[in-house]
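Residues per chain, in single letters:
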Amino acid sequence: MDENNGYVKINLNGIRDKKTGLEIPATGAFALLRASSEDDFNTWNTILKFKLVGETPSRELYKDFTVEHGFSYQYAV
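Just so you know, these numbers come straight off a predicted model, no measurement behind them.

With respect to the overall build of the protein
A tally of helices and strands in the protein yields 0 helices and 5 strands. The N-to-C order of helical and strand elements in the protein reads β-β-β-β-β. Over its C-alpha trace the protein gives a radius of gyration of 15 Å, far above what one expects of a compact globule, namely 11 Å for 77 residues. Going through the 77 residues of the protein one by one, you find that 19% of them count as buried. Surface accessibility of the protein: about 5700 Å² in total, with carbon and sulfur atoms responsible for 48%.

A closer look at the pairing of strand E1 (residues 8-12)
For a regular strand, side-chain orientation follows a simple rule: the groups alternate between the two sheet faces. The alternating pattern of E1 places Val8, Ile10 and Leu12 on a buried face, while none of Lys9 and Asn11, on the opposite face, is buried. In this sheet, strand E4 (residues 59-64) lies alongside E1 in antiparallel orientation, the contact comprising 5 bridges. Bridge pairing in E4 places isoleucine 10 opposite tyrosine 62.

Section: the packing of aromatic side chains
Both the distance between ring centres and the angle between the ring planes are used here to describe each pair of aromatic rings. Applying the stated criterion to the full structure yields 2 aromatic pairs. With a centroid separation of 4.9 Å and an interplanar angle of 50°, the aromatic rings of tyrosine 7 and phenylalanine 65 are classed as tilted. With tyrosine 7 in the segment before E1 and phenylalanine 65 in the loop between E4 and strand E5 (73-76), this pair connects stretches of sequence that are 58 residues apart. Using a relative accessible area of 11% as the deciding quantity, one classes tyrosine 7 as buried.

As for the nonpolar core
Core analysis: the largest hydrophobic core is formed by 8 residues, namely Val8, Ile10, Leu12, Leu32, Phe50, Leu52, Leu61 and Val67. Breaking this core down by element, the ones donating at least two residues are E1 and strand E3 (45-55). By residue number, the principal contributor to this core is E1, which donates 3 residues.

Notes on the environment of proline 25
Within the secondary structure, proline 25 is located in the loop between E1 and strand E2 (26-36). The partly exposed category is assigned to proline 25, whose relative accessible area is 49%. The spatial distance from the C-alpha of proline 25 to the C-alpha of glutamate 55 is 4.7 Å, given a sequence separation of 30 residues. In this view, proline 25 contacts Gly54, Glu55 and Thr56; residues no more than four positions away in its chain are not counted.

Cut-offs applied
Each chain carries its own residue numbering, running from 1 in the direction its sequence is written. Whole-chain, interface and lining totals are the exception, using all residues; otherwise, since this is a predicted model, local features are given only for residues with pLDDT of at least 70 and side-chain atom pairs are given and counted only at 80 or more. Here the side-chain values reflect all heavy atoms present in the structure, with hydrogen atoms and water set aside. Note on conventions: DSSP H or I runs of at least 4 residues are helices, E runs of at least 2 residues are strands, and numbering of each starts at the N terminus. With C-alpha atoms as the basis for the radius of gyration, the globule rule is written as 2.2 Å multiplied by the number of residues raised to the power 0.38. Each residue gets one of three labels from its accessible area relative to the maximum for its type: buried under 20%, exposed over 50%, partly exposed in between, using a 1.4 Å probe on protein chains only. Exposure was quantified through the Shrake-Rupley algorithm and a 1.4 Å probe, taking into account, for residues, occlusion by the shown protein chains and nothing else. What makes two strands pair is DSSP finding at least two bridges between them. For Phe, Tyr and Trp, rings pair up if their centres lie within 6.5 Å, where Trp contributes its six-membered ring, and each pair is then called stacked (planes under 30 degrees apart), edge-to-face (over 60) or tilted (otherwise). Take the buried residues of types Ala, Val, Leu, Ile, Met, Phe, Trp, Tyr and Cys, join any two whose side-chain atoms come within 4.5 Å, and each joined set is a nonpolar core. Note on definitions: a residue-residue contact is assigned when non-hydrogen atoms from the two residues lie within 4.5 Å.

Following this line, the structure appears as structure tokens:
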């Protein structure tokens, strides 16, 4: 949470191979979802669709500027 600038930074973290220590590339189509305490986390909204094609997934994925004061949020991929 970046309270000074009013957004939540969402990072995607990949998995590392135990033998080599290298991050395992991923391929697929994904969606970033968000639920809020406003409706007791009952509704999941898609806020971003993205694809990875043989890429290491670790990256800054999204900055969510639509959060509101007084609510809690959960994110899922």
